[in-house]
Number of protein chains: 2
Amino acid sequence: MHTDLDATFAALADPTRRAILARLATGEATVTELAAPFAMSQPAISKHLRVLERAGLISRGRSAQRRPCRLNAGPLQEATAWLAAYRDHWAESYQRLDNLLDELRAAEETAASEPAEAEGDDRA
Amino acid sequence: MHTDLDATFAALADPTRRAILARLATGEATVTELAAPFAMSQPAISKHLRVLERAGLISRGRSAQRRPCRLNAGPLQEATAWLAAYRDHWAESYQRLDNLLDELRAAEETAASEPAEAEGDDRA
DNA sequence: ACGCTGTATAACCTCTCGGTTTTATAACCA
DNA sequence: TGGTTATAAAACCGAGAGGTTATACAGCGT
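Residues numbered from 1 in each chain as written. Chains lettered and ligands numbered in written order. Predicted model: local features only at pLDDT ≥ 70, side-chain atom pairs only at ≥ 80, totals over all residues. Heavy atoms only, no water.

Where an unreviewed UniProt entry is consulted, chain A appears under the name Transcriptional regulator, with the organism given as Micromonospora gifhornensis.

Q: Looking at this structure, I do not really get the confidence of the model for chain A. What am I missing?
A: Where the model shows low pLDDT, its predicted coordinates should not be examined in detail. Looking at chain A as a whole, its pLDDT mean stands at 80, while 70% of the residues score no less than 70. Ignoring residues within four places in sequence, the model shows residues 112–124 of chain A, a span with pLDDT below 50, making 10 contacts including any to other chains. (pLDDT = per-residue confidence, 0-100. Contact = heavy atoms within 4.5 Å.)

Q: Would you mind going over the packing of helix H2 (residues 15–24) of chain B against helix H4 (residues 42–54) of chain B with me for this structure?
A: For any two helices packed against each other, the geometry is given by the interaxial angle and the distance between the axes. Residue and element names in this part refer to chain B. As a packed pair, H2 and H4 sit with axes 10 Å apart at the nearest point and diverge in direction by 75°. Viewed along their axes, H2 and H4 adopt a mutual orientation that is roughly perpendicular. Contacts between H2 and H4 involve Thr16, Arg17, Ile20 and Leu21 from the former and Ile45, His48, Leu49, Val51 and Leu52 from the latter. Split into classes, the residues belonging to the contact of H2 with H4 amount to 6 nonpolar, 2 polar and 1 charged. (Axes fitted to C-alpha atoms, helices over the stretch in contact; angles between N-to-C directions. Helix = DSSP H or I, 4+ residues; strand = E, 2+ residues; numbered from the N terminus. Parallel < 35°, antiparallel > 145°, perpendicular 65-115°, else oblique. Nonpolar A, V, L, I, M, F, W, Y, C, P; charged D, E, K, R; others polar.)

Q: Help me out: how do you make sense of the protein's contact with DNA strand C in this one?
A: Lining the immediate environment of DNA strand C, one finds 20 residues, of which A:Ser41, A:Lys47, A:His48, B:Thr32 and B:Ser46 sit closest. Sugar plus phosphate: this is where 68% of the atoms of DNA strand C within 4 Å of the protein reside. The separation between a sugar or linking oxygen of DNA strand C and a polar side-chain atom of A:Gln65 is 3.2 Å. For the surface near DNA strand C, the elements supplying multiple residues, two or more each, are helix H4 (42–54) of chain A together with helix H3 (31–35) and H4 of chain B. The greatest single-element share of the surface near DNA strand C, amounting to 4 residues, is contributed by H4(A). A breakdown of the residues in the surface near DNA strand C according to their chemical character gives 6 nonpolar, 8 polar and 6 charged. (Near = heavy atom within 4 Å. Polar contact = N/O pair within 3.5 Å; in protein donor to acceptor, adjacent residues only side chain to side chain.)

Q: I'm lost on the nonpolar core in this one. Help?
A: Formed by 63 residues in total, the largest nonpolar core has its most connected members in A:Phe9, A:Leu21, A:Leu49, A:Tyr86, B:Phe9, B:Leu21 and B:Leu49. Setting aside residues no more than four positions away along its own chain, A:Leu21 makes contact with A:Leu12, A:Leu52, A:Leu57, A:Ile58, A:Leu71, B:Trp82 and B:Tyr86. (Core = buried A, V, L, I, M, F, W, Y, C linked by side-chain atoms within 4.5 Å. Buried < 20%, exposed > 50% of the residue type's maximum accessible area, 1.4 Å probe, protein only.)

Q: Got a minute to help me understand the packing of aromatic side chains in this structure?
A: Describing an aromatic ring pair means giving the distance of the ring centres and the angle of the ring planes. Here the structure, examined in full by the defined rule, presents 5 aromatic pairs over all chains. Note on A:Phe9 and A:Trp82: the rings are 6.1 Å apart at their centroids and 75° apart in plane angle, and the pair reads as edge-to-face. In this pair, A:Phe9 sits in helix H1 (residues 5–12) while A:Trp82 sits in helix H5 (residues 74–84), placing the two residues 73 residues apart along the sequence. Judged by its relative accessible area of 0%, A:Phe9 is buried. Ring geometry for A:Phe9 versus B:Phe9: centroids 6.0 Å apart, planes at 25°, classification stacked. Of this pair, A:Phe9 sits in helix H1 while B:Phe9 is found in helix H1 (residues 5–12), placing the two residues in two different chains. With respect to burial, A:Phe9 and B:Phe9 carry one shared label: buried. An aromatic cluster of three or more residues is present, and its members are A:Phe9, A:Trp82, A:Tyr86, B:Phe9, B:Trp82 and B:Tyr86. (Phe/Tyr/Trp six-rings, centres within 6.5 Å; stacked < 30°, edge-to-face > 60°.)

Q: What should I look at first to understand the pattern of salt bridges in this one?
A: Pairing of side chains with opposite charge becomes possible as their charged atoms draw close. Summed over the entire model, instances satisfying the criterion amount to 4 salt bridges over all chains. Note that B:Asp6 and A:Arg18 form a salt bridge whose closest N and O atoms lie 2.7 Å from each other. In this pair, B:Asp6 sits in helix H1 while A:Arg18 sits in helix H2 (residues 15–24), so the two residues belong to two different chains. On the basis of relative accessibility, which here comes to 31%, the residue B:Asp6 falls in the partly exposed class. In this structure, B:Arg60 engages B:Glu53 in a salt bridge whose closest nitrogen and oxygen atoms are separated by 3.0 Å. (Salt bridge = Lys/Arg side-chain N within 4 Å of Asp/Glu carboxyl O.)

Q: Would you take a moment to explain the protein's contact with DNA strand D for this structure?
A: Neighbouring residues of DNA strand D: 20 residues in total, closest A:Thr32, B:Arg17, B:Ser41, B:Lys47 and B:His48. The sugar and phosphate moieties of DNA strand D supply 64% of its atoms located within 4 Å of the protein. Contributing elements (two or more residues each) for the surface near DNA strand D: helix H3 (31–35) and H4 of chain A together with H4 of chain B. If you tally residues by element for the surface near DNA strand D, the top one is H4(B), at 4 residues. Among the residues making up the surface near DNA strand D, the classes are represented as 6 nonpolar, 8 polar and 6 charged.

What follows is the structure in structure tokens.
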């Protein structure tokens, strides 16, 4: 249960991959759809997807010649759990930020209908 | 405010560095103290510390010829905030884990005297 | 002044990463 | 059957990670 953190954090260390995850949070997408926003070749995206897949962050189906990707957030939860152990430490420093997360959480729950303009969006 | 995630996640992607952070959650420590548990040369640890420092995860003081390190958890909070955007997605899949975090949190609050022993300890 | 302790720097090696271009595979369409 | 679309695979490249050993530097103790 304490493995894979290497792969998970390493996968998250790249802005392109974080953006891909953000996109996939919206719903399934094909490789070319995912590649579109980036000034990068298609094979480069395929490589990123392979990294995400090996980290367990995405999984892929088959639809004709397309290979749709979908988010698999399990590892993100593991990562979050690891980080949670340090919550106190930044709470010490500046407790106000403890609220930030609660706000964030509340915002998400409330904004079920409102057009999310909040973060989760990286990259141009 | 949404930068540095690259550096933060990259820093967290190494088990040695995660272990160092776990150790520092206990309190300040000198370089040799930090190096002790690892089957690795001292310069290697110094390099890891430089990575952590450049990621803003630690800062260092001076006490005689020693250069004590202390945890600076700000970036961890940023990382947590980023991950928080995906909470729903694993909540969908298996809601039970939503509780896990609450339990973890509760455990920490209760164990006000026992600093993070959960996980964090990697490596042989 | 001398030597010891604590830490950083330098030079080097190997491996992986992130990107490229080119080519192959697979499944659709006509 | 042939062509086009969607994706993967191969071969290559430069840069950086992560480790090593050897060396330099700083500050203490005597």
